[in-house]
Amino acid sequence: MSPVQTGELNAAHLSVAIVAARFNDFIVTSLLRGAVEAWESHGGAADRLVIARVPGAFELPVAARQCAASGRFAAVIAFGCVIRGDTAHFDFVAGECARGLARVALDTGVPVMFGVLTVETAEQAIQRAAVRAGNKGGEAMLGAIEMANLLPRLA
Ligand code: INI
């Protein structure tokens, strides 16, 4: 069988950027905590993880694009939380955020992790952000490290 290319979960020597919305801050802060724990436990250096805050999920793509286009980062992670019950324009905010982030990744070639919770209720958001084992922030960080190590091997 042909060798299978994979990206190892080793963050040593990587630089990663996180862009995180302030909207629904109590959820986003929990995602950030999970991400930083995963970064540290996989060998990431504190001074190689840059975290930038933006007003809401709608602003995440442009901030992610700036990071990705800078050439400084092997991966970008976007964190936010859009709760359907809170807004009549859920579909616009969540949809444009997802579409924009996907475009940033494809336009720049830098992996962008979609760490944006799009949920019906605050309870669902808490379940995905608060529980240590299932913290989506940690999952997003593992994905970022894996993709950052994999993509150079596919070039
Ligand atoms: N931004 C979010 O990140 N989550 C939300 O649930 C949300 N709601 O409910 O409206 C939200 N709105 C703000 C939006 O992201 C922009 O910051 C704002 O429209 C200014 O451009």
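That block above? That's the structure.
Keep in mind that what you see is a predicted model, and the values were worked out from it rather than measured. The residue count restarts for each chain, going from 1 along the sequence in the order it is written. Per-residue local features of the predicted model are confined to residues with pLDDT of at least 70, and side-chain atom pairs are confined, for both listing and counting, to 80 or more; whole-chain, interface and lining totals are unaffected and use all residues. Processing note: side-chain calculations cover all non-hydrogen atoms of the structure and skip hydrogens and water entirely.

How would you sum up the pattern of salt bridges? Please name residues and give values.
Salt bridges are defined as contacts in which a side-chain nitrogen from Lys or Arg sits within 4 Å of a carboxyl oxygen from Asp or Glu. Enumeration according to the criterion identifies 7 salt bridges in this entry. A salt bridge links Glu120 to Arg84; the shortest N-O distance between them is 3.2 Å. Taken together, the positions of Glu120 in the loop between β4 (112–119) and α4 (122–130) and Arg84 in the loop between β3 (75–83) and α3 (90–108) put the pair 36 residues apart, joining distant regions of the chain. With a 1.4 Å probe rolled over the protein chains alone, any residue whose accessible area is under 20% of its type maximum counts as buried; one over 50% counts as exposed, and the rest are partly exposed. Taking relative accessible area as the criterion, Glu120 reaches 43% and is therefore assigned partly exposed. For the salt bridge of Arg99 with Glu96, the shortest nitrogen-to-oxygen distance reads 2.8 Å. With Arg99 and Glu96 both in helix α3 and 3 residues apart, the pair spans about one turn of that helix. Working definition: helices are DSSP H or I runs of at least four residues, strands are E runs of at least two. Numbering for both runs from the N terminus.

I'd love a proper account of the sheet that holds strand β2 (residues 49–54), names of residues and values included.
Reading across from one edge, β2-β1-β3-β4 is the order of the 4 strands in this open sheet, with parallel pairing throughout. Only two strands of the sheet have a single neighbouring strand rather than two, namely β2 and β4. Pairs of neighbouring strands in the sheet enclose a mean axial angle of 15°, with direction left out of account. Strand pairing is assigned whenever DSSP detects at least two bridges linking the two strands. The pairing of strand β1 (residues 16–21) with β3 spans 5 bridges and is classified as parallel. For Val19, the partnering residue across the bridge sits in β3 and is Ala78. The strands touched by α3 within the sheet are β3 and β4, with β4 carrying the most contacts at an inclination of about 170°. Any two residues whose heavy atoms approach within 4.5 Å are treated as being in contact. The angle between two axes is taken between their N-to-C directions and runs from 0 to 180 degrees, where each axis is a line fitted to C-alpha atoms and a helix contributes only its stretch in contact. Sheet strands touched by helix α5 (residues 136–150): β1, β2, β3 and β4. Its angle to β3, the strand with the most contacts, is close to 155°.

Help me get a handle on the nonpolar core, residues and values and all.
Throughout this description, the term nonpolar core refers to a set of buried Ala, Val, Leu, Ile, Met, Phe, Trp, Tyr and Cys residues connected via side-chain atoms within 4.5 Å. Counting residues in hydrophobic clusters, the biggest one holds 28 residues, and the most contacted among them are Ile18, Trp39, Ile77, Phe79, Leu117 and Met141. Elements with a contribution of two residues or more to this core: β1, α1 (25–41), β3, β4, α4 and α5. Top element by residues in this core is α1. It accounts for 7 residues. Apart from residues lying up to four places away in sequence, Ile77 is in contact with Val16, Ala17, Ile18, Val19, Met113, Ala140, Met141 and Ala144. Counting 24 residues, the second largest nonpolar core, distinct from the first, contains Val54, Ala57, Phe73 and Ala94.

I'd love a proper account of the pairing of β2, names of residues and values included.
When β1 meets β2, the two strands line up parallel, connected through 6 bridges. Residue Ile18 lies in a different strand from β2, and its bridge partner there is Ile51. Once the chain exits β1 it traverses α1 before rejoining the sheet at β2, and the crossover so formed is right-handed. We call a crossover right-handed when, viewed with the strands running away from us, the connection from the first strand over the helix to the second turns clockwise.

Just give me the short version of the site of the ligand, but keep the residues and values in it.
Near the ligand, the surroundings consist of 13 residues, among which Ala57, Phe58, Glu59, Cys81 and Thr87 are the closest. Within the contact set of the ligand, an oxygen atom lies 3.5 Å away from a backbone nitrogen or oxygen of Gly56. Here a polar contact is recorded for every N or O atom pair within 3.5 Å, except that within protein the pair must consist of a potential hydrogen donor and a potential acceptor, and residues adjacent in sequence are included only if both atoms are side-chain atoms. Between the ligand and Phe58, the relevant distance is 3.1 Å, taken from an oxygen atom to a main-chain nitrogen or oxygen of the residue. Using the Shrake-Rupley algorithm and a 1.4 Å probe, accessible areas are obtained, with residue cover drawn only from the displayed protein chains. Here the ligand loses 78% of its free accessible area of 460 Å² to cover by the protein chains. Examining the composition of the shell around the ligand, we find that 3 residues originate from one element, β3, more than from any other. Taken together, the residues of the shell around the ligand sort by class into 7 nonpolar, 4 polar and 2 charged. Put simply, a residue is near a molecule or strand once any heavy atom of it comes within 4 Å of that molecule or strand. Gly is placed with the polar residues, together with every amino acid not listed as nonpolar (Ala, Val, Leu, Ile, Met, Phe, Trp, Tyr, Cys and Pro) or charged (Asp, Glu, Lys and Arg).

For the side chain of Asn135, give the residues involved together with the corresponding values.
Secondary-structure assignment places Asn135 in the loop between α4 and α5. Assessed through its relative accessible area of 9%, Asn135 is described here as buried. In this structure the side chain of Asn135 is engaged in a polar contact, spanning 2.6 Å, whose partner is the backbone oxygen of Ala129. The residues touching Asn135, leaving out its near neighbours within four places in the chain, are Ser30, Leu31, Gly34, Arg128 and Ala129.

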